[in-house]
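Coordinate inspection notes
Listed below are the residues making up each chain.
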Amino acid sequence: MENVDFLIVLPAFLAGILVLATHIPLGAQVLKRGIVFIDLAIAQIAALGVIIASALDMDPHGWTMQAAAGVAAVLGALLLTWTERRWPDVQEAQIGVLFVLAATAGLLLVAHNPHGGEHLQDLLAGQILWVSYDQLVMPAAGAVLILALLALLRNRLGRLGFYLVFALAVTASVQLVGVYLVFASLIVPSLAVRHYREARKLPFAYLIGVGGYAAGLVLSVLLDLPSGALIVWCLALLAMLVYALGPRRPALA
């Protein structure tokens, strides 16, 4: 343990901070709107964009890969905007169907690729431990833009605006941390603090997120276990603790 250099997880931890910065406030909106699985759907669609770009032999670390993920996520957001306007009473079900279609489309596209299974695993579980500082530049710029939009628009963010901002957030994060961590970062902290006073929700949600990423990354180095999976479990355990110590019913603002 004395020989372990925990600085190697610093880029991964910073990647987690960038994901949490945008996903926690968006997670509160997701719970309020009752569309919990939108993150999984949009993340899976963005991942599908990456798979399509890989099939076309695009540079895996170039801007074209980001553009492919972004275009796919925006198209998914526009489709969900239309379905919510057309059939609002079954929007959650439609989100689930879109997720399944995107996931199975990815399976079909990599079926004849000898490294397809490994690529899918990376997109789902992520390779956060191997994130480099260079990979954080574009997500950091995107996070600043998203937070600025959320701060300026506040409650004036309409249906289309919300889905487009959401797509922008997921585009960068799914390639950094994978689909599973994108969903956990969005939902788990916000779910744990849903009964807290409004002024305490975001601080406690960020505390859960930062603590979960830090604990998961450290444990992954010590135990030589997959980082993404450990972070998801650390987030969930911290969330349960914060929920257990909080109010049992919704507090007044």
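Residues numbered from 1 in each chain as written. Predicted model: local features only at pLDDT ≥ 70, side-chain atom pairs only at ≥ 80, totals over all residues. Heavy atoms only, no water.

**Digging into the overall build of the protein**
- Counting its secondary structure elements, the protein contains 10 helices and zero strands.
- Compactness check: the protein gives a C-alpha radius of gyration of 18 Å against a globular reference of 18 Å for 253 residues, within 12% of the reference.
- Taken along its principal axes, the extent of the C-alpha atoms in the protein is 60 × 55 × 30 Å.
- Looking at the 253 residues of the protein, the share that counts as buried comes to 43%. (Helix = DSSP H or I, 4+ residues; strand = E, 2+ residues; numbered from the N terminus. Rg over C-alpha atoms; globule rule 2.2 N^0.38 Å. Buried < 20%, exposed > 50% of the residue type's maximum accessible area, 1.4 Å probe, protein only.)

**Overview of the packing of helix α3 (residues 63–86) against helix α4 (residues 91–109)**
- Interaxial distance between α3 and α4 falls to 10 Å at its minimum, and their mutual angle equals 150°. Taken as axis vectors, α3 and α4 run roughly antiparallel relative to one another. In this structure, α3 crosses over α4, and the sense of that crossing is right-handed. Taking contact as the criterion, the partners of G76, L79, L80, T83 and E84 in α3 are, on α4, Q91, Q94, I95 and L98.
- Classifying every residue of the contact of α3 with α4 gives four nonpolar, four polar and one charged. (Axes fitted to C-alpha atoms, helices over the stretch in contact; angles between N-to-C directions. Parallel < 35°, antiparallel > 145°, perpendicular 65-115°, else oblique. Left-handed = near helix turned anticlockwise from the far one by under 90°. Contact = heavy atoms within 4.5 Å. Nonpolar A, V, L, I, M, F, W, Y, C, P; charged D, E, K, R; others polar.)

**Regarding the packing of aromatic side chains**
- Going through the model one piece at a time under the given rule, you end up with four aromatic pairs.
- Note on W82 and W87: the rings are 5.2 Å apart at their centroids and 85° apart in plane angle, and the pair reads as edge-to-face.
- For W82, a relative accessible area of 43% translates into the label partly exposed.
- Its relative accessible area of 35% is what places W87 among the partly exposed residues.
- Ring centres of F162 and F166 lie 5.7 Å apart, and the angle between their planes is 45°; on these two criteria the pair is classed as tilted. One end of the pair is F162 and the other is F166, both in helix α7 (residues 159–177) and four residues apart, which spans about a single turn. (Phe/Tyr/Trp six-rings, centres within 6.5 Å; stacked < 30°, edge-to-face > 60°.)

**Side note on the nonpolar core**
- Membership of the largest hydrophobic core comes to 69 residues, with the highest contact counts inside it found for I38, I42, I128, F162, F166 and Y213.
- The dominant element in this core, judged by the number of residues it contributes, is helix α2 (residues 38–55), at 12 residues.
- Look past the residues within four positions of F162 in its chain and what remains in contact with it is L26, Q29, V30, R33, I35, I38 and L157. (Core = buried A, V, L, I, M, F, W, Y, C linked by side-chain atoms within 4.5 Å.)

**Regarding the packing of helix α1 (residues 10–33) against α7**
- Contact geometry for α1 and α7: axes closest at 10 Å, N-to-C directions at 145°. Relative to α7, the crossing made by α1 is left-handed. Residues A15, V19, T22, H23, L26, Q29, V30 and R33 of α1 form the contact with α7, whose own contacting residues are R159, F162, V165, F166, A169, V170, S173, L176 and V177.
- Broken down by class, the residue content of the contact of α1 with α7 amounts to 11 nonpolar, four polar and two charged.

**Some points on unusual backbone geometry**
- Not every positive phi belongs to a glycine, and D224 is a case in point at roughly 55°.
- Mapped onto the elements, D224 comes out in the loop between α9 (198–223) and α10 (227–245).

**Some remarks on the pattern of salt bridges**
- Tallied over the full model, the rule gives one salt bridge.
- Between K201 and E198 there is a salt bridge, with its nearest N and O atoms 2.9 Å apart. Remark: E198 and K201 occur in helix α9; sequence separation between them is three residues, near one turn of the helix. (Salt bridge = Lys/Arg side-chain N within 4 Å of Asp/Glu carboxyl O.)

**What about the side chain of S190?**
- When you line up the elements, S190 lands in helix α8 (residues 179–192).
- Setting aside anything within four residues of it in sequence, one finds S190 in contact with I24, G27, A28 and L31.

**Quick notes on a nonpolar patch on the surface**
- Together, F6, V218, L219, L222, L223 and L225 line one region of the surface with nonpolar side chains, adding up to about 450 Å² of accessible area.
- Among the secondary structure elements, L222 is positioned in helix α9.
- Taking the relative accessible area as the measure of exposure, L222 reaches 35% and is therefore partly exposed. (Patch = residues over 30% accessible without salt bridge, like charges linked within 9 Å, V, L, I, M, F, W, Y side chains within 5 Å. Areas by Shrake-Rupley, 256 points an atom, 1.4 Å probe, with all protein chains shown as cover.)

**Regarding the environment of R33**
- If you trace the backbone, R33 turns up in helix α1.
- For R33, a relative accessible area of 30% gives the class partly exposed.
- Put simply, R33 and I51 are 18 residues apart on the chain and 30 Å apart in space, counted from C-alpha to C-alpha.
- In contact with R33, not counting residues within four places along its chain, are L157, G158, R159 and F162.

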